[in-house]
Amino acid sequence: MRDHLPIIALVLVFVGLAGLYNALIPLGEAPDEPGHGQYVLFLAREGRLPVQCAPPCASDVPGSGHHPPLAYLLAAPLVNWLPREERQIDLPGNRRFTWAGGTMPNAVGHGTRERWPWQGTVLAWHLARLASTAAGAATVIFTYLAARALYCSVQIGKCRLRADRTRSTIPFLAAALVALNPQFIFISAVISNDALLAALGAVLLWLMLDRGPWVGSERHGLHDASARSPVLDPPSLGRAALVGLVLGLALITKQSALLLAPLALAWALVGRTTNDERRTVHSLSVARRSSLVARRSYRRVLVVALVAWLVAGWWYVRNWQLYGDPLGLDMFRTEFATQPFDAISLPAWAGALAQLYASFWARFGWMNVPPPAWVDWVYGALGAVAAGGLALAVFRGPETGDRRRHWGSHVSRLGHWPLLALPALAFGWVLSFALTAGLVAWQGRMLFPAIGAIAILLARGLAKVKGKRQQLKWVTAITLYPVPFTLLALALWLPFGVIRPAYPSYALTQQEALARLGIPVYGRFARDDEPGAELRGWDLAGTPLPGETLRLRLVWHALGRQNRDWWVFVHLVDAEHRIVAETNAEVGGGTFPMLQWVAGDWMEDTHVLALPPGLAPGMYELRLGLWYPPTGRRARIYAADGDLAGDYLRLTSVTVHP
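First, a word on scope: everything that follows refers to the structure included in this document.

Regarding unusual backbone geometry
Between Trp 116 and Pro 117 the backbone carries a cis peptide bond, its omega angle lying at 5 degrees. The phi dihedral of Met 367 is positive, around 65 degrees, even though this residue is not glycine. Within the fold, Met 367 resides in the loop between α14 (346–361) and α15 (373–395). On the basis of relative accessibility, which here comes to 15%, the residue Met 367 falls in the buried class.

Brief notes about the packing of helix α8 (residues 194–209) against helix α10 (residues 260–270)
At their nearest, the axes of α8 and α10 sit 11 Å apart, and the two run at 15 degrees to each other. Of the possible angle classes, the one that applies to α8 and α10 is roughly parallel. The handedness of the crossing between α8 and α10 comes out as left-handed. Contacts between α8 and α10 involve Leu 197, Gly 201, Leu 204 and Met 208 from the former and Leu 260, Leu 263, Ala 264 and Trp 267 from the latter.

Focus: the sheet that holds strand β3 (residues 507–508)
Strands sit in the order β3-β9-β6-β5-β4-β12-β13 across an open sheet of seven strands; the sheet is antiparallel. Each end of this open sheet is capped by a strand with a single partner; those strands are β3 and β13 (644–646). Both β3 and strand β9 (residues 602–610) contribute to a ladder of two bridges, which runs antiparallel. Bridge assignment links Ala 507 to a residue of β9, and that residue is Met 603.

Digging into the state of the cysteines
The final tally for this structure, using the stated rule, is one disulfide. One disulfide bridge connects Cys 53 with Cys 57, the sulfur atoms lying 1.9 Å from each other. Here the disulfide of Cys 53 and Cys 57 is left-handed, its torsion about the S-S bond being about -85 degrees. Using a relative accessible area of 19% as the deciding quantity, one classes Cys 53 as buried. Residue Cys 57 is classed as partly exposed on the basis of its relative accessible area, which comes to 42%.

Some details on the packing of α10 against helix α16 (residues 418–437)
Close contact between α10 and α16 brings their axes to 9 Å; oriented N to C, the two are set at 155 degrees. Our classification of the angle between α10 and α16 gives roughly antiparallel. Crossing geometry of α10 relative to α16 is assigned as right-handed. From α10, Leu 260, Pro 262 and Leu 263 reach across to α16, where they touch Pro 418, Ala 421, Leu 422 and Leu 425. Split into classes, the residues belonging to the contact of α10 with α16 amount to seven nonpolar, no polar and no charged.

Observations concerning helix α17 (residues 451–464)
In a regular helix each residue adds 1.5 Å, so 14 residues correspond to 20 Å; α17 covers 20 Å between its end C-alpha atoms and thus fits that length. Along α17, 14 of the 14 residues are buried, which leaves the element largely enclosed by surrounding structure.

What about a nonpolar patch on the surface?
Taken together, the side chains of Leu 302, Leu 306, Trp 309, Leu 310 and Val 317 make up a nonpolar region of the molecular surface, amounting to roughly 540 Å² of accessible area. Take Leu 302: it is sitting in helix α12 (residues 286–323). With relative accessibility at 58%, the residue Leu 302 sits in the exposed group.

A short note on the environment of Leu 439
Tracing the chain through its elements places Leu 439 in the loop between α16 and α17. Between the C-alpha atom of Leu 439 and that of Phe 341, which follows or precedes it by 98 residues, the distance is 5.3 Å.

With respect to the packing of aromatic side chains
For any pair of aromatic rings, geometry is given as the distance between the ring centres together with the angle between the planes. In total, this model carries 21 aromatic pairs according to the counting rule given. For the ring pair Phe 97 and Trp 366, a centre distance of 6.1 Å and an interplane angle of 65 degrees mean the geometry is edge-to-face. Note that Phe 97 is positioned in the loop between α3 (70–75) and α4 (120–128) and Trp 366 in the loop between α14 and α15, a separation of 269 residues in sequence. Owing to a relative accessible area of 16%, Phe 97 belongs among the buried residues under this scheme. Pairwise contacts between aromatic rings join Phe 14, Phe 184, Tyr 357, Phe 360, Trp 361, Tyr 379 and Phe 448 into one cluster. In this arrangement the basic side chain of Arg 524 is found over the ring face of Tyr 638, its NZ or CZ atom lying 4.7 Å from the centre. Between the NZ or CZ atom of Arg 564 and the centre of the ring of Tyr 628, over which it lies, the distance is 4.8 Å.

Description of the pattern of salt bridges
Applying the stated criterion across every chain, the model contains 20 salt bridges. As a salt-bridge pair, Arg 363 and Asp 376 come within 3.1 Å of each other at their nearest N and O atoms. Taken together, the residues Arg 363 in the loop between α14 and α15 and Asp 376 in helix α15 connect sequence positions 13 residues apart. Overall, Asp 376 belongs to the partly exposed group, its relative accessible area being 24%. Notably, a salt bridge pairs Arg 536 with Glu 534, separated by 3.5 Å at the nearest N-O pair. For Arg 536, a relative accessible area of 25% gives the class partly exposed. Several salt bridges converge on common partners, so that one network encompasses Asp 32, Asp 194, Lys 254 and Arg 445.

Description of the nonpolar core
With 140 residues, the main nonpolar core has Tyr 21, Val 140, Leu 177, Tyr 379, Leu 419 and Ile 456 as its most contacted residues. Examining the composition of this core, we find that 13 residues originate from one element, α8, more than from any other. If we skip the residues at most four places from it in the chain, Leu 177 touches Trp 361, Leu 382, Ala 455, Leu 458, Ala 459, Leu 462, Val 483 and Leu 487. Grouped together as the second largest cluster of nonpolar side chains are 34 residues, Leu 535, Trp 556, Met 603 and Leu 624 included.

What about the side chain of Thr 509?
Counting through the fold element by element, Thr 509 comes out in the loop between β3 and α20 (510–515). Classification of Thr 509 as buried rests on a relative accessible area of 13%. Setting aside anything within four residues of it in sequence, one finds Thr 509 in contact with Thr 112, Arg 115 and Trp 602.

Concerning the side chain of Lys 254
Looking at where Lys 254 falls in the secondary structure, it is placed in the loop between α9 (234–251) and α10. When its relative accessible area of 8% is taken as the criterion, Lys 254 is described as buried. For Lys 254, the side chain forms a polar contact with the side chain of Asp 194, separated by 2.4 Å.

Here is what the cut-offs are and how they apply
Residues numbered from 1 in each chain as written. Predicted model: local features only at pLDDT ≥ 70, side-chain atom pairs only at ≥ 80, totals over all residues. Heavy atoms only, no water. Helix = DSSP H or I, 4+ residues; strand = E, 2+ residues; numbered from the N terminus. Buried < 20%, exposed > 50% of the residue type's maximum accessible area, 1.4 Å probe, protein only. Axes fitted to C-alpha atoms, helices over the stretch in contact; angles between N-to-C directions. Parallel < 35°, antiparallel > 145°, perpendicular 65-115°, else oblique. Left-handed = near helix turned anticlockwise from the far one by under 90°. Contact = heavy atoms within 4.5 Å. Pairing = 2+ DSSP bridges. Disulfide = S-S within 2.5 Å. Nonpolar A, V, L, I, M, F, W, Y, C, P; charged D, E, K, R; others polar. Expected span 1.5 Å × (residues − 1). Patch = residues over 30% accessible without salt bridge, like charges linked within 9 Å, V, L, I, M, F, W, Y side chains within 5 Å. Areas by Shrake-Rupley, 256 points an atom, 1.4 Å probe, with all protein chains shown as cover. Salt bridge = Lys/Arg side-chain N within 4 Å of Asp/Glu carboxyl O. Phe/Tyr/Trp six-rings, centres within 6.5 Å; stacked < 30°, edge-to-face > 60°. Lys NZ or Arg CZ within 6 Å of the ring centre and 35° of its normal. Core = buried A, V, L, I, M, F, W, Y, C linked by side-chain atoms within 4.5 Å. Polar contact = N/O pair within 3.5 Å; in protein donor to acceptor, adjacent residues only side chain to side chain.

Structure representation (structure tokens):
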């Protein structure tokens, strides 16, 4: 148990970090999270899979209904406690949001309902994110197990190579590179299918690399060297069935899981034989040996393919019946075609690869909330050191404790071939996605199906940069041991230093609003067919003297979605109804436009009215209303009894002194 305490502590740290990110990330502020969340709520509400269709037809879950359902089915029980009519949410989009170069990073409006304490659907949304957190924790665990299987010969739960401290540190370091990756924590803290696919990719990698006695024939004493035919190894077919099961689950998690299929089938074809199998096979003639190896390989391939098809085939048959092709590509292209990627442009490649690497570590929001440049430099240095270590591992030669009779392949020194194949396949998928959907494909999370393999390679490279083992120990100390602590410090700072400041809260809680009403007033601003918004309170500050300014503070309450971004006009009029001073501005200066309001939002709004220097002393009337600049039309105002009160509200009289 003591040997497992570090990885247990690491998993707990990861879960705590994911919970922190969950609390600080506003709803819908992650790539495609609005669609993912609506998918979960749709399953919980309707009890069936969504169907997509092309405009003008309305899809059940616009933007995400084409995804396979496993991740959402796992999250749906976390929202089932809601009454059925509440298993839906109105997420007003921000029309001013842009992926790059915009002044508003929020893709969704965030009002009063997202203020603490969470209730109803907002609370359910945060709970549904825990399904991703559980998948992220599984990714950390299986990355550790895969690295342990590769770099430590497991015997009774202990590392045989424990004397080589650097080498035995690789499993924990690899797990830390996953658990403390801010981008992976971010994805594991929102509703997404990426975390589950990453977990299944790590499980698949572990199944391919593990050589523990739980699947080998040596433990059960099945080898019989005197037998005319080799004893079959049932666990090897069992392992193939497990690989097929994991592949099938991945294929009903996300379509990019198709990148795992060549890896699983190649593993089944090449396989990994036990020592008993090798001794038995070598006792046969060449012809019988080739025939036996081929039969066992084909059986494994058949088992992997059959089990994967039994688990996931129904989804692709359904797509074929609904959309005419197993992947639903036409629907996908309709929703996700963006700016095309110029594959023959070197600058385009440089920008794409730089974005891919940076967003593998830290690009938040909808890829539009970057950290400071020095953070990218830290992760760039980490990658450079690891790449240098991998180069040493390939070209320096075998290490102490890893002597071989023949030098063999350079690349084999990095570990088993799936470590290289999985990242290569993931990158190939990213490239194919870029050619299909455009520049939106160059996101680091697209590499997360291979994050376990990438982390193991990075840990291998970092561990290699140490010089000779009896010399330059300080090199190991400054390159290996501080890495987890540096990553932890960054992972803790980024949500407070980067993510949360990007989404300031402009809406008030109901308690705050009622305490700051000032002078109560009532006016409901709306069209005939909508609830609109109420003006509930106001106060006026400043000295009413010519050349001075008056500050009018308003408190609004939304009764429902607004049909347009209304502006507020404030007029000071004389006895002849002539406007002597005025101001026209968006509510809150445009920081929280009315199109982003939903029912229950409370908003404080301040307008500054400049009095002309030559304004004559006397009594003036202060009026306000809402108007729409593109048309000049004003909103209607209704009194508390529902009667129409005109298109402006008389607030008070202002006496201007000489």
